[in-house]
Structure formats: structure tokens, C-alpha cells
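Spelled out, the chains give:
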Amino acid sequence: MTVTNPITNLQTLIRCASVTPAEGGALTALTDMLAPLGFKIERMTASEPGTPDIENLYARLGTDGPHLMFAGHTDVVPVGDAASWSHPPFAAEIADGELFGRGAVDMKGGIACFVAAVARHIEKHGKPAGSISFLITGDEEGPAINGTVKLLQWAAERGETWDASLVGEPTNPDRLGGMIKIGRRGSVSGTITVHGVQGHAAYPHLADNPVRSIIKLTEALLDPPFDAGTDNFQPSNLEVTTIDVGNTATNVIPAKATAAFNIRFNDTWTADTLKAEILARLDAAAADQTLRPGRPPAKYDIVWSERPSQVFLTRNNALIASLSSAIENITGQRPALSTTGGTSDARFIKDHCPVVEFGLVGQTMHMVDERVALSDLETLTEIYQTFIQRWFENAEL
């Protein structure tokens, strides 16, 4: 089976220019890898008005449980200035022990290694005593509307259930084997608009400057801290990401001011309780007369992002222990169990089964000259292969 080699698998995938939302041939290439291994492969295209159609892939080997899902994405971010790359971004060239190309670590490398690991497992042990599936989207780097969330729904409606999932995102900060993601913070975004009264800067009594109020409202979101963190998560953190009045004249008091923010929150909160806390802070700040003496409370409204991400933590011992012991067996180091970083498609999978994330070192993801060490591809394949064997041994425990 040639697909036992993660290097050639990855070269094949990188040479498919699947810049989101384009499929670019990557799912076809993956089909060609999995079909000879005995996988039943299905493709589905998801649509929603105002967003690009997305091609997705679901492949399953076996019909019985226990059922292990590997999840990931073949779409990649744009290359930026291609002339700045040392090697063409879709050529998958090898130099000085590294393989260069867009998607090398985020995350075609993880897919290539898991395919190789499954192939090696079959060669050594035969087909697993259960099922292995690949749930692969083309919309992780895009708006994430027509990808994993809809592919999961599509599969579940056809009777698919899973006992555990591994997402192959690049989780390691600096060396392979250093970190498993066992959860993710939640994420809520919003935009506040303060409504004032436009006027001449020389006649402020005839106007109501919304900048004064937007300062107080954003200050209320930044202090005091929302919490001090928990045993498994960092403190919740809110960042004001933009403040704007759209004003081109220095002698005009603007009619409105807007501020956008994002908060990454821990398991002290849910999205709903956090929204309630934010609204309470904004109401109190709107009534603060420090910058607007003698004025009524500031008028504001808020628009929340449509799809907040809920915080989650995986506690499945069979999954975490199988992966941790596999990493320690192959690399000699015990990985940290972390919930740091941003969001991933694990936020959708956690509603269907326990999920963890483990993949390559992420130092060059999204950068010019994204690349992966050939030795890391082999090591990750060995880790995945050992994990597959141990998970099926432990799944019933």
C-alpha cells in the first residue's frame, strides 16, 4: 500500500490548490487514497444563501462499533505573495529535511499521517474490530457554515454515531508530542452602537457626543476581569477589536460611535450567562454621568454574532489515555492537556461524541514557507498508528 508513506500522501494533497472554498482536487485525492483500503466514501455539497457551496467528504471503514472518527479539513488559507515563498506553495518540494507547501501543517499533514497510520494498522493487524471514519470538510478556514457542522448533521441523519473523535489540527507549540487539546474556550462577539446627536464641535451643548459614552462602555467591558480562571481554563479575556465613528471632519461631533469586541471565555460561563453579564455592565456604564454630566443614560444597542461557540471540556479517559500513552511511547514525553488557543471544528463535534485534538507543530501555519519536518511526519504517523490500536483496546473500558 503506497499510502503507508505520509510524505507522498502529503505531497499529493498539497499539490491540490484547495484554497478555501475551492475543493481543488483534494477530496478526490483523498478518495483515491482511502478507497483501496476498503472505505465506503460519500461526498456531499452543503449550501446556504450568501455563502459559497462547500464540498465535504465522509468515509467509513467497517459497520460495527466501537467507532472512531478522524476529523479535519483540506481547505487552506491563501498563500499571500507567492513570490515570497522559497518554494512554490503548491509544489510540495522537499529541502533540507522539510516539506514546503500551503497546508503542510494546517492541516493536510495531519490527514496524510492518519491515512498512513490506518493503512499501516490494516497491514499489521487487519481491519479494526469496529469502525474508522474520516469526516473531512472544505470550510474550516472559511466561515465554517457549510462544513463540519452540516456534514455531521448529514451523517447523523443517516444513522451515523461515533464513540470518539480525533481532530488532526496542529496542536503542538514547538515540538511534536508536547500538547493535546482536550477542550476549547467559548467565543462570543458583538458590536455596540452608541447613538448621539450630531453637531458643531464649538457648540457641544446642542449635540450629544457618542464618543464619550463609547469610552465608558468599552471601559466597563475591559475592567474588572470577568473571572480568575478555573482548574482547566485560562481567565476569560475580552478584547475590543475596533472603535469607529466614521467621521472625516474634526469640527463635527458624530451622530454615532461603534465598538466591536470578542471574548474567549472559560467554563465559569455559558454564552447566555456571559451575554447577561455584558449587558449589565453596559447598562451601568450607559448611566454613568462622569463624561456626560446632567445627561440621561446613553442610548446604545448591541448586535451579537450569530454563532457563539460554547466552552467544552473532554473527560473521556479511554480517548485521552490512549492518545497520551501513544505519544509518550513514541516520543518519550508526556503531553500537556490544554484548552488554550482559538476555536476549531471540535466545537461542533463535541455535540456528537468526545473529542480531542492532536497534530503537528503549528509554528509555520498560515505563514509564507509553511513547512513540516519529514521526521515529524513519520513520528506523527507512528503516534496515530499506536493510538488507533490502543483506542480499540480501551474503547470498551
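In what follows, the structure referred to is the one given above.
Residues numbered from 1 in each chain as written. Predicted model: local features only at pLDDT ≥ 70, side-chain atom pairs only at ≥ 80, totals over all residues. Heavy atoms only, no water.

Draft legend 1. Inspection of the side chain of Ser-309 at higher detail. With respect to the secondary-structure elements, Ser-309 resides in the loop between strand S15 (299-304) and strand S16 (312-313). Since its relative accessible area comes to 7%, Ser-309 is described here as buried. There is a polar contact of 3.2 Å between the side chain of Ser-309 and the side chain of Arg-347. Not counting the four nearest positions on each side in its chain, Ser-309 is found in contact with Gly-186, Ser-187, Phe-265, Thr-343 and Arg-347. (Helix = DSSP H or I, 4+ residues; strand = E, 2+ residues; numbered from the N terminus. Buried < 20%, exposed > 50% of the residue type's maximum accessible area, 1.4 Å probe, protein only. Polar contact = N/O pair within 3.5 Å; in protein donor to acceptor, adjacent residues only side chain to side chain. Contact = heavy atoms within 4.5 Å.)

Draft legend 2. Spotlight on the packing of aromatic side chains. All told, the structure shown has eleven aromatic pairs when counted by the stated rule. Here Phe-114 and Tyr-384 contribute two aromatic rings whose centre-to-centre distance is 5.2 Å and whose plane-to-plane angle is 65°, an arrangement assigned as edge-to-face. On the criterion of sequence distance, the pair formed by Phe-114 in helix H3 (residues 108-125) and Tyr-384 in helix H9 (residues 374-394) is long-range, its members being 270 residues apart. Each member of the pair Phe-114 and Tyr-384 is classed as buried. An aromatic cluster of three or more residues is present, and its members are Phe-39, Phe-70, Phe-114, Phe-134 and Tyr-384. (Phe/Tyr/Trp six-rings, centres within 6.5 Å; stacked < 30°, edge-to-face > 60°.)

Draft legend 3. Structural detail: the pairing of strand S14 (residues 256-265). The buried fraction of S14 amounts to seven of the ten residues, a majority that puts the element mostly inside the structure. Note: strand S12 (residues 237-244) against S14, seven bridges, orientation antiparallel. Along S14, the bridge assignment pairs Thr-242 with Ala-260. (Pairing = 2+ DSSP bridges.)

Draft legend 4. Fine view of the pattern of salt bridges. Overall, the coordinates contain 15 salt bridges when judged by the stated rule. For Arg-43, the salt bridge is made with Glu-55, and the minimal N-O distance between the two is 2.9 Å. Taken together, the residues span a long stretch of sequence, with Arg-43 in strand S1 (residues 40-46) and Glu-55 in strand S2 (residues 54-61) at a distance of twelve residues. A relative accessible area of 36% means that Arg-43 is categorised as partly exposed. On the basis of relative accessibility, which here comes to 32%, the residue Glu-55 falls in the partly exposed class. Of the charged contacts, one joins Glu-48 and Lys-150 as a salt bridge, the two residues approaching to 2.9 Å between their closest N and O atoms. Highlighted residues: Glu-48 in the loop between S1 and S2 and Lys-150 in helix H4 (residues 148-157), separated in sequence by 102 residues. Take Glu-48: its relative accessible area is 27%, and that puts it in the partly exposed class. Within this structure, Glu-23, Arg-43 and Glu-55 form a network of salt bridges that share partners. (Salt bridge = Lys/Arg side-chain N within 4 Å of Asp/Glu carboxyl O.)

What is shown is where atoms sit, not what they do.
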